[in-house]
Protein chains: 2
Amino acid sequence: MKIVFKKSDLTNAVSIVMKAVPSRTTLSILECILIDAKTNEIKFSANDMELGIETKVKGEIIEKGQIAIEAKIFSNIVRNLPDNDITLTTDNNFSVTISCEKAVFTIPGRSGEDFTYLPMVEKDKSIYLSQFSLKEIIRQTIFSISTSENNKIMTGELFEVKGNSLKVVSLDGHRISIRKIELKESFNDISVIVPGKTLNEIFKILNGSNDDEVKIYFTDNHIVFEFDDTVVVSRLIEGEYFKISQMLSSDYVTKLTLNKKEFFDSISRATLLERDSDIKPIIMTIEDGNLQLQINTEMGSMDDNMFITKEGKDLMIGFNPKFLIDALKVIDDEEITIYLLNSKAPCFIKNDDESYIYLVLPVNFNVVSRN
Amino acid sequence: MKIVFKKSDLTNAVSIVMKAVPSRTTLSILECILIDAKTNEIKFSANDMELGIETKVKGEIIEKGQIAIEAKIFSNIVRNLPDNDITLTTDNNFSVTISCEKAVFTIPGRSGEDFTYLPMVEKDKSIYLSQFSLKEIIRQTIFSISTSENNKIMTGELFEVKGNSLKVVSLDGHRISIRKIELKESFNDISVIVPGKTLNEIFKILNGSNDDEVKIYFTDNHIVFEFDDTVVVSRLIEGEYFKISQMLSSDYVTKLTLNKKEFFDSISRATLLERDSDIKPIIMTIEDGNLQLQINTEMGSMDDNMFITKEGKDLMIGFNPKFLIDALKVIDDEEITIYLLNSKAPCFIKNDDESYIYLVLPVNFNVVSRN
């Protein structure tokens, strides 16, 4: 095989498929990317058996062939070559020569035959949306998946299509994040659980443009994302997602509207007194026109106050500050509204059309002295 | 004690004295900074017994006093407060209240009496130079001190003043770095060994301006740096520095002149094939008009060539690529000259007036096949 690439095309393609190369594996072939130029097209792919990525690369095929190359060293070398044409040559012993100007690297490759191709999936059900929308909806929900493998379903996100609406949900037992967007047309109903890892990697590859689209195909076991010159295939998580509708009551007793940045800054400051090993709650005392924020830890205490607009009853309620911070980070509104029922019931941060709902469970606290 | 600071003055002062707060210590008072406002001046200080820093801070003293505060939490809090006036108040129980706008933090402090003051040193011998010059000369030599405590002297740098010249030397057994600068006037002879840690911290605090000066005082046991509103006192390393003059022969058999960036880039690329656990040499084959650079490791091989101007004999010599890279990084010249004697003798990278000399010992290598 012999191919000539422009450096930028090569580095771009390698960085895309690298997202499906596991950092640790016992199967060394999974650490490789496959370069396939058996036909008139050049395709790079990587596959960790859960997630597979394939991307088309521009280049001049001088001699057809294919090779598997250890991804990390190949990526390091191409990124550090001069900004010029890069020639990739392989011989019968799967030795790979990478040359650029006067520099010549030789590294061992492996037969492409050892490589597991991406699964072929039937493309029946599909939707499309802009890269921007997909990237945003991932960012706005991914933080509240569970990182523990104890409950596999919590490590993924629900993607639910109904008519022209896409709803994405994540939850970890302490909080729920829900985002809804309108699609450009109506599609068949879909409800699947997509692994969080897949979404994290997709997020990194998407260019995020409003003008470029992503086509998403769904099958019983797989989800396929097609965008730019890239195809990402991922297994779905099996099982049924949690029934969240019954947790989403619209009753409330206290409603407050406040400046998001001020609220966020105050809670962030409170966390300076937290130790990871022993998270103390931030205690909110809600009164007409004023929200008092208090925290009391081994390291010290904080007391802060901010202006709010309140309807309904006064209330005192405690939260894990991290959970509030995570939600506030991904809300773009300057003013937010929070709905509360009592000190034992979850709070809802949501907007009027419910295009976002962030539910956070409160925590118990000991009433601190309020001098 | 009660003092009102501007946020920027407070954060700046804390970040300066923090440099003398050890990250790990069994003596908890060393983790504190002392805020001293017993007189009409406000001084912050920290002291890890080797290195002490004191800086004057602007602020309005409403009530005189002093307090020791745990540095890390104090720094975190003040950096995250709103950009406004910050009031620091202490009570008789050494409790510290930090308030800004509506936010009030309360953290425990300690009696200033527990704090070890900076040593008073006799200021007799001294030199002065610009902050820029001191910062540069540290950067250009500090990388070749030894990090191992086996030989204490190697963990410091020689500061030698003769007439109007300051020479700074560091060495670690594999290489020597020497920088010389001209001072604005002549001073008494001085020869001391300054701890590398002190220089690393000084480097971070210096503003690096050409217009601001640093005054350096020397005693038998201490070095004192005075600049801006800050005083840094450090112990010196006891003992006699290595006699390096006998290692600095001006004989050479091969002399080459080459483009620094091209040389640096090629060696950097070669290191992509290195594993930390098993550093292989980069082999330089020096011929008329051409320098060949080769490396051969378990991960693969590289072969590169670049144009050089050569005088004298052809030569083949191997180096630890890291040592060449470290020296090349801090040389600003576009073209550099390298002097060599044979494959067992050190190479010298130096300029004509010897304001810099970088000596690197070669390493043995097995001749690789050169197809």
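Below or above, wherever it landed, is the structure these notes cover. This one's a predicted model, so the numbers in the text were calculated from it and none came from an experiment.

### Some points on the relation of the copies chain A and chain B
Piece 1. When chain A is brought onto chain B, the operation consists of a screw motion whose angular component is 180 degrees and whose axial shift is 0.0 Å, with 0.0 Å RMSD remaining. The superposition operator between the copies reduces to a two-fold rotation axis. When C-alpha positions in chain A are compared against the rotation axis, the closest is assigned to A:Ser23, at 16 Å.
Piece 2. Looking at the interface residues of chain A, 96% of them are also at the interface in chain B, so both copies use one shared face.

### Side note on the sheet that holds strand β16 (residues 254–259) of chain B
Residues and elements named next belong to chain B.
Piece 1. Read across the sheet, seven strands follow the order β11-β12-β24-β23-β22-β16-β20 without closing on themselves; strand pairing throughout is antiparallel. The two strands at the open ends of the sheet, each matched to only one other strand, are β11 (156–171) and β20 (309–312). Direction aside, neighbouring strands of the sheet carry axes that sit 20 degrees apart on average.
Piece 2. Pairing analysis gives two bridges linking strand β22 (residues 335–340) to strand β23 (residues 347–350), with the strands arranged antiparallel. Residue pairing in the sheet places tyrosine 339 in a bridge with phenylalanine 348 of β23.

### Quick notes on the pattern of salt bridges
Residue and element names in this part refer to chain A.
Piece 1. Evaluation of the coordinates by the stated rule reveals 46 salt bridges over all chains.
Piece 2. Salt-bridge contacts for glutamate 160 lead to lysine 167; the nearest nitrogen and oxygen are separated by 3.7 Å.
Piece 3. Classification of glutamate 160 by relative accessible area gives buried; the value is 18%.
Piece 4. For aspartate 314, the salt bridge goes to lysine 310, with nearest N and O atoms at 2.3 Å.
Piece 5. Of the residues examined, aspartate 314 reaches a relative accessible area of 46% and is grouped as partly exposed.

### Digging into unusual backbone geometry
Piece 1. The phi dihedral of A:Glu354 falls on the positive side, at around 55 degrees, and the residue is not glycine.
Piece 2. With respect to the element layout, A:Glu354 can be found in the loop between β23 (347–350) and β24 (356–360).
Piece 3. In the Ramachandran plot, B:Phe94 falls in the positive-phi region, its phi being about 60 degrees despite a non-glycine side chain.

### Considerations on the packing of aromatic side chains
Where two aromatic rings form a pair, the distance of their centres and the angle of their planes describe that pair.
Piece 1. One pass over the structure, following the stated rule, counts 12 aromatic pairs over all chains.
Piece 2. For the pair B:Phe5 and B:Phe44, a centre-to-centre distance of 5.8 Å together with 75 degrees between the ring planes defines the contact as edge-to-face. Of this pair, B:Phe5 sits in strand β1 (residues 2–6) while B:Phe44 sits in strand β3 (residues 42–47), placing them 39 residues apart in sequence. As far as burial versus exposure is concerned, B:Phe5 and B:Phe44 are alike and both buried.
Piece 3. Through a chain of ring-to-ring contacts, three or more aromatic side chains come together here, namely A:Phe143, A:Tyr356 and A:Tyr358.
Piece 4. Sitting above the plane of the A:Tyr339 ring, A:Lys350 keeps its charged end 5.1 Å from the centroid.

### A word on the pairing of strand β17 (residues 282–287) of chain B
All names here are of chain B.
Piece 1. For β17, the tally of buried residues reaches five of six residues, placing the bulk of the element in the interior.
Piece 2. With five bridges joining them, β17 and strand β21 (residues 315–319) adopt antiparallel strand pairing. Looking at β21, one finds that isoleucine 286 is bridged to leucine 315.
Piece 3. The sheet contact formed by β17 and strand β18 (residues 290–297) spans five bridges and is antiparallel. In the sheet register, threonine 285 faces β18, and the bridge partner there is glutamine 292.

### What about the interface of chain A and chain B?
Piece 1. On the chain B side, the residues contacting the 26 residues of chain A number 25 residues.
Piece 2. Where chain A abuts chain B, roughly 2100 Å² becomes buried across the two surfaces, and 60% of that area is made up of carbon and sulfur atoms.
Piece 3. Considering only the side of chain A, the residues that lose the most area to chain B are A:Lys102, A:Arg269 and A:Leu272, jointly responsible for 27% of the buried surface there.
Piece 4. Put simply, chain A and chain B have zero salt bridges between them.
Piece 5. Where chain A packs against chain B, one counts eight residue pairs in polar contact (both at pLDDT 80 or more).
Piece 6. Mapped by element, the contributors of at least two residues to the side of chain A that touches chain B are α2 (71–80), β9 (103–108), α5 (260–270) and β19 (300–307) of chain A.
Piece 7. At eight residues, the largest contribution of residues to the side of chain A that touches chain B is made by β19(A).

Scoring rules and cut-offs
Residues numbered from 1 in each chain as written. Chains lettered and ligands numbered in written order. Predicted model: local features only at pLDDT ≥ 70, side-chain atom pairs only at ≥ 80, totals over all residues. Heavy atoms only, no water. Least-squares fit on C-alpha atoms with pLDDT ≥ 70 in both. Contact = heavy atoms within 4.5 Å. Pairing = 2+ DSSP bridges. Helix = DSSP H or I, 4+ residues; strand = E, 2+ residues; numbered from the N terminus. Axes fitted to C-alpha atoms, helices over the stretch in contact; angles between N-to-C directions. Salt bridge = Lys/Arg side-chain N within 4 Å of Asp/Glu carboxyl O. Buried < 20%, exposed > 50% of the residue type's maximum accessible area, 1.4 Å probe, protein only. Phe/Tyr/Trp six-rings, centres within 6.5 Å; stacked < 30°, edge-to-face > 60°. Lys NZ or Arg CZ within 6 Å of the ring centre and 35° of its normal. Buried area = accessible area lost by both parts, 1.4 Å probe. Polar contact = N/O pair within 3.5 Å; in protein donor to acceptor, adjacent residues only side chain to side chain.

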